[in-house]
Amino acid sequence: MNQKKAVRLNPSEADLKASIASWLDEVDTTPCVVVDEVPKGWATVLELSEIKNVPKTTMDARLKRYFKAGLIKKKQFRIKTACGVVPVWHYFKA
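Residues numbered from 1 in each chain as written. Predicted model: local features only at pLDDT ≥ 70, side-chain atom pairs only at ≥ 80, totals over all residues. Heavy atoms only, no water.

> Tell me about the packing of helix α2 (residues 45–52) against helix α3 (residues 56–68), and name the residues and values.
Interaxial distance between α2 and α3 falls to 9 Å at its minimum, and their mutual angle equals 110 degrees. With respect to α3, the axis of α2 lies roughly perpendicular. For the pair α2 and α3, contact is made by Val45, Leu48, Ser49 and Lys52 and by Lys56, Met59, Asp60 and Leu63, respectively. Residues of the contact of α2 with α3, tallied by class, amount to 4 nonpolar, 1 polar and 3 charged. (Axes fitted to C-alpha atoms, helices over the stretch in contact; angles between N-to-C directions. Helix = DSSP H or I, 4+ residues; strand = E, 2+ residues; numbered from the N terminus. Parallel < 35°, antiparallel > 145°, perpendicular 65-115°, else oblique. Contact = heavy atoms within 4.5 Å. Nonpolar A, V, L, I, M, F, W, Y, C, P; charged D, E, K, R; others polar.)

> Give a description of the nonpolar core that names residues and reports values.
By size, the foremost hydrophobic cluster in this structure holds 6 residues: Val45, Val54, Met59, Leu63, Ile72 and Tyr91. Contacts of Leu63, omitting those with residues within four sequence positions, involve Val45, Leu48, Ile72 and Tyr91. (Core = buried A, V, L, I, M, F, W, Y, C linked by side-chain atoms within 4.5 Å. Buried < 20%, exposed > 50% of the residue type's maximum accessible area, 1.4 Å probe, protein only.)

> How would you explain the pairing of strand β2 (residues 84–93) if you had to name every residue and give the values?
In this structure, strand β1 (residues 72–81) lies alongside β2, joined through 10 bridges in antiparallel fashion. Bridge assignment links Phe77 to a residue of β2, and that residue is Val88. In textbook terms, the turn of a hairpin is the stretch between consecutive antiparallel strands, and for β1 and β2 this stretch comprises 2 residues. (Pairing = 2+ DSSP bridges.)

> Pulling in residues and values, what's your account of a nonpolar patch on the surface?
On the surface, Leu16, Ile20, Trp23 and Leu24 cluster together to form a nonpolar patch covering roughly 390 Å² of accessible area. Residue position: Leu16 is located in helix α1 (residues 11–28). (Patch = residues over 30% accessible without salt bridge, like charges linked within 9 Å, V, L, I, M, F, W, Y side chains within 5 Å. Areas by Shrake-Rupley, 256 points an atom, 1.4 Å probe, with all protein chains shown as cover. Salt bridge = Lys/Arg side-chain N within 4 Å of Asp/Glu carboxyl O.)

> Summarise the packing of aromatic side chains; cite the residues concerned and give the values.
Under the counting rule described, the total for this entry stands at 2 aromatic pairs. When the centroid spacing of 5.6 Å and the interplanar angle of 75 degrees are considered together, the rings of Trp42 and Phe77 count as edge-to-face. On the criterion of sequence distance, the pair formed by Trp42 in the loop between α1 and α2 and Phe77 in strand β1 is long-range, its members being 35 residues apart. Each ring, one from Trp42 and one from Phe92, has its centre 5.3 Å from the other, and the planes form 20 degrees; the classification is stacked. Pair noted here: Trp42 is in the loop between α1 and α2 and Phe92 is in strand β2, with a separation of 50 residues, a long-range link. (Phe/Tyr/Trp six-rings, centres within 6.5 Å; stacked < 30°, edge-to-face > 60°.)

Okay, structure coming up:
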């Protein structure tokens with residue numbers, strides 16, 4: 001027995017709703033997360049392990065040693081992955 005009555009909007013309410021819908025559409029199309037552009041020459045552990053045909057854990061251990069020795073640089077870049085946009089370590093020859 002609980003019936004809802006149709007609500008009629010006066011012209012100013014209709015304009016306000018149209019205005020809100022307009023800016024909301026604009027906001028919806030704006031990316032919320034920034035993806036970094038990875039400079040040429042920087043590579044992830046996975047990419048390096050595939051190039052050298054070694055397990056990822058082996059390459060990770062090597063990169064840690066190389067970094068401690070000052071042979072390479074490391075930096076995080078936000079990249080798009082299967083899990084979304086996440087910060088991922090990249091490596092570059094020092």
